[in-house]
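# Residue-level structure breakdown
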Amino acid sequence: LARALDHIPSFAGQLRPLGEDGLEIVCDDSGAQFSVYDLDDTLGEVIGRFTLASADFVDHVDAVAARAGGLPLLTIRITSLSDGGMVVGCSWHHAVGDMASFMLLMKAWSAFVEGTEPPAIELLTDAEAQLADVLPPEEQGRRPGFRLPDEEESAALTKEIASALRANRVVQAYFTDAEVAAMKVDITAAAGRRISTNDALCGHVQSVIRGLDEDVEDRSMAMPVNYRRHLGLAEGTI
């Protein structure tokens, strides 16, 4: 892990205020928070409660407090189970990077464990300047497509999420390569335009859940996408 963090140092840094409205990541080798616990349970006993808020397999990064500096931007908790299984619980501040950035860190960690070559990394020191070079002119200076909820909305959302977490259970679904390929062909034909594998899977799962809920209203679904390839950025861009 130490070698992986040396390979991608932003995950081991800390935030520091930059001017009135900005933040910068200081890569000063301050490190990540790492802890190890032993648990008498087996993997079969714990797998059903991973998604519960009370599961306690992750030391969550305090995103708001971390903006002031002095706190780690990555925490990793290893829980060793009685049957030889292991749970790796990770939390990171999204100022460091998106899910693709985090997966590059995991691939680097795995590579150093296995003694293989880690992924090539391109660490951006000025993300805004880099995006200004690659974004189309019509996308320059756009405002974020979200808004902050007011106090009443925030309270309602917090209550809804808390109750949903208590009712959550892990459901595993497996699709063979042939099933996914056939699904993609059918949905692409029905849509009349190119549909990615990710689009097809997300649309299928969403449609099945809505069918079970007898939800027939028009809906829009927003999901994060790794946009590096579309902008000509290297896959290893952090």
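Presented here is an overview of the structure given in this document. Nothing here was measured: the structure is a model prediction, and the numbers come from that model.

### Describing the overall build of the chain
If you tally the helices and strands in the chain, you get nine helices and five strands. Going from N to C terminus, the chain has its helices and strands arranged as α-β-β-β-α-α-β-β-α-α-α-α-α-α. Dimensions along the principal axes, computed over C-alpha positions, put the chain at roughly 55 × 50 × 50 Å. Expressed as a percentage of the 238 residues in the chain, the buried residues total 23%. Counted over contacts in the chain with a minimum sequence separation of 6, partners at least 24 positions apart contribute 56%. Within the structure as shown, the chain displays about 16700 Å² of accessible surface, and the carbon and sulfur contribution to it stands at 54%. Both charge centroids of the chain, one from 19 positive and one from 38 negative side chains, sit 4 Å from each other.

### Description of the packing of helix H7 (residues 177–191) against helix H8 (residues 197–212)
One can describe the packing of H7 onto H8 by two numbers: an axis separation of 9 Å at closest approach and a directional angle of 85°. The angle between H7 and H8 places the two elements in the roughly perpendicular class. Across from Val-180, Met-183, Lys-184 and Ile-187 in H7, the residues of H8 making contact are Thr-197, Ala-200, Leu-201 and His-204. Of the residues contributing to the contact of H7 with H8, the split by class is five nonpolar, two polar and one charged.

### With respect to a nonpolar patch on the surface
On the surface, Leu-43, Ile-47, Phe-50 and Val-170 cluster together into a nonpolar patch covering about 280 Å² of accessible area. When you line up the elements, Phe-50 lands in the loop between helix H2 (43–46) and helix H3 (63–66). The exposure class of Phe-50 is partly exposed, given its relative accessible area of 33%.

### What about the packing of aromatic side chains?
What the rule picks out here adds up to one aromatic pair. Between the aromatic rings of Trp-92 and Phe-102, the centroid separation amounts to 4.2 Å while the plane-to-plane angle is 5°, which identifies the pairing as stacked. Taken as a pair, Trp-92 in strand S5 (residues 86–92) and Phe-102 in helix H4 (residues 99–114) lie far apart in primary sequence, 10 residues in all. Grouping residues by exposure puts Trp-92 and Phe-102 together as buried. Between Arg-77 and the ring centre of Tyr-37, over which it is positioned, the NZ or CZ distance is 4.4 Å.

### Section: the layout of surface pockets
Empty pockets left among the atoms are what a rolling probe the size of a water molecule brings to light. Each pocket or cavity is described by its volume, and for the largest pocket that value is around 1900 Å³. Lining the largest pocket are 46 residues, and of these Ala-95, Leu-124, Ala-127, Glu-128 and Leu-131 sit closest to its centre. Considering every element that reaches the lining of the largest pocket, the biggest residue donor is helix H5 (residues 127–134), with five residues. The class makeup of the residues in the lining of the largest pocket is 25 nonpolar, 12 polar and nine charged. By volume, the second largest pocket is sized at about 370 Å³. Lining the second largest pocket are 13 residues, with Ser-196, Asn-198, Val-225, Arg-229 and His-230 positioned closest to its centre. Of all the secondary structure elements, the ones that give two or more residues to the lining of the second largest pocket are H8 and helix H9 (228–231). Looking at the lining of the second largest pocket, its residues break down into four nonpolar, four polar and five charged.

The rules behind each value
- Residues numbered from 1 in each chain as written.
- Predicted model: local features only at pLDDT ≥ 70, side-chain atom pairs only at ≥ 80, totals over all residues.
- Heavy atoms only, no water.
- Helix = DSSP H or I, 4+ residues; strand = E, 2+ residues; numbered from the N terminus.
- Buried < 20%, exposed > 50% of the residue type's maximum accessible area, 1.4 Å probe, protein only.
- Contact = heavy atoms within 4.5 Å.
- Areas by Shrake-Rupley, 256 points an atom, 1.4 Å probe, with all protein chains shown as cover.
- Lys, Arg positive; Asp, Glu negative; His and termini not counted.
- Charge placed at Lys NZ, Arg CZ, Asp CG, Glu CD.
- Axes fitted to C-alpha atoms, helices over the stretch in contact; angles between N-to-C directions.
- Parallel < 35°, antiparallel > 145°, perpendicular 65-115°, else oblique.
- Nonpolar A, V, L, I, M, F, W, Y, C, P; charged D, E, K, R; others polar.
- Patch = residues over 30% accessible without salt bridge, like charges linked within 9 Å, V, L, I, M, F, W, Y side chains within 5 Å.
- Salt bridge = Lys/Arg side-chain N within 4 Å of Asp/Glu carboxyl O.
- Phe/Tyr/Trp six-rings, centres within 6.5 Å; stacked < 30°, edge-to-face > 60°.
- Lys NZ or Arg CZ within 6 Å of the ring centre and 35° of its normal.
- 1 Å grid on protein atoms, 1.4 Å probe; cavity = no way out; pocket = protein on both sides within 12 Å on 5 of 7 lines; lining within 4 Å.
- Points joined across faces, edges and corners; volume = space filled by probe spheres on them.

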